[in-house]
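Each chain is listed here by its residues.
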Amino acid sequence: MFKIKEKRYLAENICLMRIDAPRVARSAQPGQFVIVRSDEAGERIPLTIADYDREQGTVTIVTQTIGFSTKKICALNEGDALADFAGPLGNPSEFVKMPAEELKGRRYLFVAGGVGTAPVYPQVKWLHEHGVEVDVIIGAKNESLLIYTDQMREVASNLYIATDDGSAGVKGLVTDVIKDLIDNKGKQYDECVAIGPMIMMKFVALTTKAYSLKTTVSLNALMVDGTGMCGACRVSVGGKTLFTCVDGPEFDAHQVDFDEAMRRQAMFRNEEHAANEKGHKCNCF
Ligand code: NAD
Ligand code: FES
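Analysis parameters
Residues numbered from 1 in each chain as written. Chains lettered and ligands numbered in written order. Predicted model: local features only at pLDDT ≥ 70, side-chain atom pairs only at ≥ 80, totals over all residues. Heavy atoms only, no water. Helix = DSSP H or I, 4+ residues; strand = E, 2+ residues; numbered from the N terminus. Near = heavy atom within 4 Å. Polar contact = N/O pair within 3.5 Å; in protein donor to acceptor, adjacent residues only side chain to side chain. Areas by Shrake-Rupley, 256 points an atom, 1.4 Å probe, with all protein chains shown as cover. 1 Å grid on protein atoms, 1.4 Å probe; cavity = no way out; pocket = protein on both sides within 12 Å on 5 of 7 lines; lining within 4 Å. Points joined across faces, edges and corners; volume = space filled by probe spheres on them. Nonpolar A, V, L, I, M, F, W, Y, C, P; charged D, E, K, R; others polar.

Moving on, we get to unusual backbone geometry. A cis geometry characterises the amide bond from Gly87 onward to Pro88, with omega recorded as -5 degrees. Considering the arrangement of structural elements, one finds Pro88 in strand E8 (residues 84-89). Cis geometry is found at the peptide bond from Gly248 to Pro249, where omega equals 15 degrees. Here Pro249 is to be found in the loop between helix H8 (244-247) and strand E17 (250-252). Unlike most non-glycine residues, Tyr148 shows phi in positive territory, near 60 degrees. Phi is positive for Ser212, which is not a glycine, with a value near 50 degrees.

The local shell around ligand 1 holds 22 residues, among which Val115, Lys141, Asp164, Ser218 and Asn220 are the closest. Within the side chain of Lys141, an N or O atom sits 3.0 Å from an oxygen atom of ligand 1. Between an oxygen atom of ligand 1 and a side-chain N or O atom of Asn220, the distance comes to 2.6 Å. Computed on the free molecule, ligand 1 has an accessible area of 870 Å², of which 81% lies beneath the protein chains in the complex. Counting only elements with at least two residues in the shell around ligand 1, the list comes to strand E10 (134-140), helix H6 (174-183) and helix H7 (198-209).

Quick look at the layout of surface pockets now. Put simply, the second largest pocket is a space of about 230 Å³. Every element with two or more residues in the lining of the second largest pocket is listed here: strand E13 (191-195), strand E14 (215-218) and E17. Broken down by element, the lining of the second largest pocket gets its largest block of residues, three residues, from E17. Residues that form the lining of the second largest pocket fall into these classes: four nonpolar, five polar and seven charged.

Given below as structure tokens:
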């Protein structure tokens, strides 16, 4: 069992938990994920690691309550325990393996959408700790749904905020900010990394392709075993079928078939809706 050391809401229906998981904390790297189950009968939920503390032996996850199983996780409280916390899974971000001299001088642009801001944080933090300059764009529907802005300011060279309704930062989408930075502010980047809803990653990829800007996305496909055995998480990348859990979760955004990935993500929407209707009423937030 994996004890919840801290639980708090970052925004409506977005819950942060710091989990006692020393073995995972010891080997976690930016870009990797864990698979969590609230109880023995629970569904396996993949969550990208939002932070880790090797000394304290804790791993931070951020969960949005979008369905029955995520509501069950977020209904747990400090002192309770998760039944399973498997990880770290997947490959670390590519920059982790880059030689220091190659990494130094590279200019990164991170694009974080909504709850996808949480997994962007450990990547930007890692690059900052290794002396790499990183610009970050955070997009959210409105000011109340912005998360991790204070932590991100501490590690980003520049932080740009966009909200759909203009309640904070500029009014518009993250893609508007990318175009403004490159077209009007003279910014140049070697790589863009985008993490957020699939539709956002699709449009970030289309935007950066026009600038021939290498772009990496972290896919949050449906998963079952997380070990490459079941095929649930398959995605098409450059015409090849790959498994998000063992080949990813990060892929070349310009090669991903996002339309197929979005269709697969929506495959169990009816079952999820039925489970929600039947089950669990959550008093989250
Ligand atoms: P959201 O719908 O509020 O979108 C966040 C931002 O993305 C928007 O403010 C906008 O700037 C941008 N965006 C959205 N649609 C766009 C478009 N068509 N073109 C350009 N930009 C666009 O985000 P949310 O409600 O927090 O998203 C939740 C989703 O994120 C869930 O589906 C969840 O599964 C996913 N998620 C993904 C990851 C990952 O690893 N990829 C991690 C956490 C969450
Ligand atoms: Fe089963 Fe990836 S989750 S192959």
